[in-house]
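# Observations on chain architecture
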Amino acid sequence: MTTATDAAPHRRRVPAEDFRAVYATAPDGVWAAPGRVNLIGEHTDYNDGFVLPVALPHTTRAAVRRRDDGVLRLHSAQGDGAVTELRVDALTPGAVPGWARYPAGVVWALRDAGHPVGGADVHIDSEVPTGAGLSSSAALECALATAYDDLYALGLAPAALAVLAQRAENAFVGVPCGVMDQMAATCCAEGRALFLDTRDLTQRQVPLDVAAAGLRLLVLDTRVKHDLADGAYAGRRAGCERAAALLGVPALRDIAPAGLDAALRRLPDGELRSLVRHVVTEDARVQQVIALLDAGDLRGIGPVLTAGHASLRDDFRVSCPETDLAVRTAVAAGALGARMTGGGFGGSVLALVTEGDTERVGRAVSEAFAAAGHRAPRAFTAVPSAGARRLG
Ligand code: ADP
Ligand code: MG
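Each value, and the rule that gives it
Residues numbered from 1 in each chain as written. Chains lettered and ligands numbered in written order. Predicted model: local features only at pLDDT ≥ 70, side-chain atom pairs only at ≥ 80, totals over all residues. Heavy atoms only, no water. Helix = DSSP H or I, 4+ residues; strand = E, 2+ residues; numbered from the N terminus. Rg over C-alpha atoms; globule rule 2.2 N^0.38 Å. Buried < 20%, exposed > 50% of the residue type's maximum accessible area, 1.4 Å probe, protein only. Contact = heavy atoms within 4.5 Å. Areas by Shrake-Rupley, 256 points an atom, 1.4 Å probe, with all protein chains shown as cover. Lys, Arg positive; Asp, Glu negative; His and termini not counted. Charge placed at Lys NZ, Arg CZ, Asp CG, Glu CD. Domains from an automatic or database assignment. Buried area = accessible area lost by both parts, 1.4 Å probe. Salt bridge = Lys/Arg side-chain N within 4 Å of Asp/Glu carboxyl O. Polar contact = N/O pair within 3.5 Å; in protein donor to acceptor, adjacent residues only side chain to side chain. Axes fitted to C-alpha atoms, helices over the stretch in contact; angles between N-to-C directions. Parallel < 35°, antiparallel > 145°, perpendicular 65-115°, else oblique. Left-handed = near helix turned anticlockwise from the far one by under 90°. Nonpolar A, V, L, I, M, F, W, Y, C, P; charged D, E, K, R; others polar. Near = heavy atom within 4 Å. 1 Å grid on protein atoms, 1.4 Å probe; cavity = no way out; pocket = protein on both sides within 12 Å on 5 of 7 lines; lining within 4 Å. Sits in = over half its atoms within 2 Å of the grid points. pLDDT = per-residue confidence, 0-100. Phe/Tyr/Trp six-rings, centres within 6.5 Å; stacked < 30°, edge-to-face > 60°. Points joined across faces, edges and corners; volume = space filled by probe spheres on them.

### Brief notes about the overall build of the chain
A count of helices and strands for the chain gives 11 helices and 13 strands. Against the globule reference of 21 Å for 392 residues, the chain gives a C-alpha radius of gyration of 21 Å, in line with a compact fold. For the chain, the proportion of its 392 residues judged to be buried stands at 58%. Considering only residue pairs separated by 6 or more positions, the chain has 73% of its internal contacts joining residues 24 or more positions apart. Total accessible area computed for the chain in this model is approximately 14700 Å², and 50% of it derives from carbon and sulfur atoms. The distance from the centre of the 40 positive side-chain charges to the centre of the 45 negative ones in the chain is 1 Å.

Structure follows, in structure tokens:
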């Protein structure tokens, strides 16, 4: 397996040089935003609940030059080579095709919120795997949002940029995501997990020195994304909103664990009951993990992660054979705990492993995937890294 423990993978390519090759001029600067892995708190962010993401060392960089003629030009090293050219005053939700709608959406969201921003030439480069549940979309949005904040001297706080980036993805791209990914991309800090209350965006940086505890966060990207992902995500979100309305609460976050059974009895069907059970128990698991981390018991969070996976598999039903196999195999091979991370139906699994078991757990999952006829998974260890920033 490849344990890409490279702490600074963003040094692999120099986007400023590539920018010159595309636009025949120098960028004003280069900004970066990371992908993320969520320790616990899945499908809670659109229920006003709790999440605990960690930023990856993998980043998306935006080399950007401000333009004052209202033209927005977008190019990505991961794209098809074409430069997309748009006018900022003509940006319309739903009208921009392909990957360019993510950065175009950020410019639209800034302007729609009344910020006086114009055009830019933009070159994107990234090693955040796309569609792997590691949030390449938010990394892309937040790299550009941070660049615009600097270049247009907006003075917006990281959390405000996150909210604008989420609005871009919701209203311009058309993905009904919660705010976790964008908050992780902008607000995470090195060596910390971000404990976030998605209702009011209050946050606490929780020290997470896995290496000092002799542990590793092993990410196993299954490299599958099942087609039903988008519709199913929207369906789960709609189900949660319907359940909250039936229960007479603003969001499922308002159901306390002690009130769960009574709430379940008031719901008309088993499907809604399962959704509610996941969200309420998942919020409780985030609190449990926080308490364990505060007590210095890192190993203790393992079983909570595995319980979170069971809940996503059995109650929220967003797992799939590949993520279930990765979790089952990792735990059988000695992981302290494992769970799928991200929206589901593929993507990545996070395993908490002791340092000495890292290779073995990765190998066991690779072998199990080969035996099942699945594509080889990609493995790397996640080092809690910094949020969005200017690189140069
Ligand atoms: P995830 O955020 O989990 O990686 P999404 O489906 O939310 O998955 O976002 C992936 C999409 O984001 C890609 O299909 C592409 O349109 C866009 N994207 C992300 N990173 C890049 C990049 N470096 N260059 C171009 N497009 C990107
Ligand atoms: Mg995404």
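### Details of the domain arrangement of the chain
Taken as a whole, the chain is organised into domain 1 (15-208 + 386-390) and domain 2 (215-381). Put simply, the middle of domain 1 and the middle of domain 2, counted by C-alpha atoms, are 25 Å apart. Taken together, the contact between domain 1 and domain 2 spans 33 residues of the former and 43 residues of the latter. Both sides of the domain 1 and domain 2 interface together cover about 3200 Å² of buried area, and 64% of this is carbon and sulfur. For the interface between domain 1 and domain 2, the tally reads 4 salt bridges. Here Glu42 ties to Arg339 by a salt bridge, and the two come within 2.6 Å at their closest N and O atoms. Where domain 1 meets domain 2, there are 19 residue pairs in polar contact (both at pLDDT 80 or more). Residue contributions to the side of domain 1 that touches domain 2 peak at 3 residues, all from strand β1 (residues 29-38).

### Regarding the packing of helix α2 (residues 101-112) against helix α4 (residues 158-173)
Relative to each other, α2 and α4 sit at 110 degrees, their axes nearing to 8 Å. Taken together, the axis directions place α2 and α4 in an arrangement best described as roughly perpendicular. Here α2 and α4 pass one another in a crossing that is right-handed. Between α2 and α4, the contacting residues are Arg101, Tyr102, Ala104, Gly105, Val106, Trp108, Ala109, Leu110 and Asp112 on the first element and Leu164, Arg167, Ala168, Glu169, Ala171, Phe172 and Val173 on the second. Broken down by class, the residue content of the contact of α2 with α4 amounts to 11 nonpolar, 1 polar and 4 charged.

### Some points on the site of ligand 1
Taken together, 17 residues surround ligand 1, and among them Ser76, Gln78, Gly131, Ser136 and Ser137 come closest. One of the side-chain nitrogen or oxygen atoms of Lys225 is found 3.2 Å away from an oxygen atom of ligand 1. Judged by the fraction of its atoms near the pocket grid, ligand 1 is located in the largest pocket. Sorting the residues of the shell around ligand 1 by element identifies β6 (119-126) and α3 (136-151) as the ones contributing at least two each. Across the shell around ligand 1, the residue classes tally to 7 nonpolar, 9 polar and 1 charged.

### Observations concerning the confidence of the model for the chain
Considering every residue of the chain, the mean pLDDT works out to 95; 97% of them sit at 70 or more. Below pLDDT 50 for its whole length, residues 1-8 participates in 18 contacts with residues either more than four positions away or in separate chains.

### Concerning the packing of aromatic side chains
Throughout the structure, instances matching the rule amount to 5 aromatic pairs. Aromatic pair Tyr46 and Tyr233: ring centres 5.5 Å apart, planes at 65 degrees, arrangement edge-to-face. Note that Tyr46 is positioned in the loop between β1 and β2 (50-51) and Tyr233 in helix α6 (residues 229-247), a separation of 187 residues in sequence. Note on accessibility: Tyr46 and Tyr233 belong to one class, buried. Ring centres of Tyr148 and Tyr152 lie 5.2 Å apart, and the angle between their planes is 25 degrees; this geometry places the pair in the stacked category.

### Topic: the layout of surface pockets
Using a probe with the size of a water molecule, rolled over the atoms, empty space left in the structure can be pinpointed. The calculated volume of the largest pocket comes to roughly 1000 Å³. Around the largest pocket, the lining comprises 44 residues; the ones closest to its centre are Tyr102, Gly131, Ser137, Glu169 and Lys225. Breaking the lining of the largest pocket down by element, the ones donating at least two residues are α2, β6, α3, α5 (180-187), α6 and β11 (346-354). In terms of residue class, the lining of the largest pocket is made up of 14 nonpolar, 22 polar and 8 charged. Both domains that meet at the lining of the largest pocket, namely domain 1 (15-208 + 386-390) and domain 2 (215-381), each give it at least three residues. Val210, Ala211, Ala382, Val383 and Pro384 are, among the 13 residues lining the second largest pocket, the residues nearest its centre. Among the elements that line the lining of the second largest pocket, the one with the most residues is strand β9 (residues 215-225), at 3 residues. Here the lining of the second largest pocket is built from residues that sort into 8 nonpolar, 3 polar and 2 charged.

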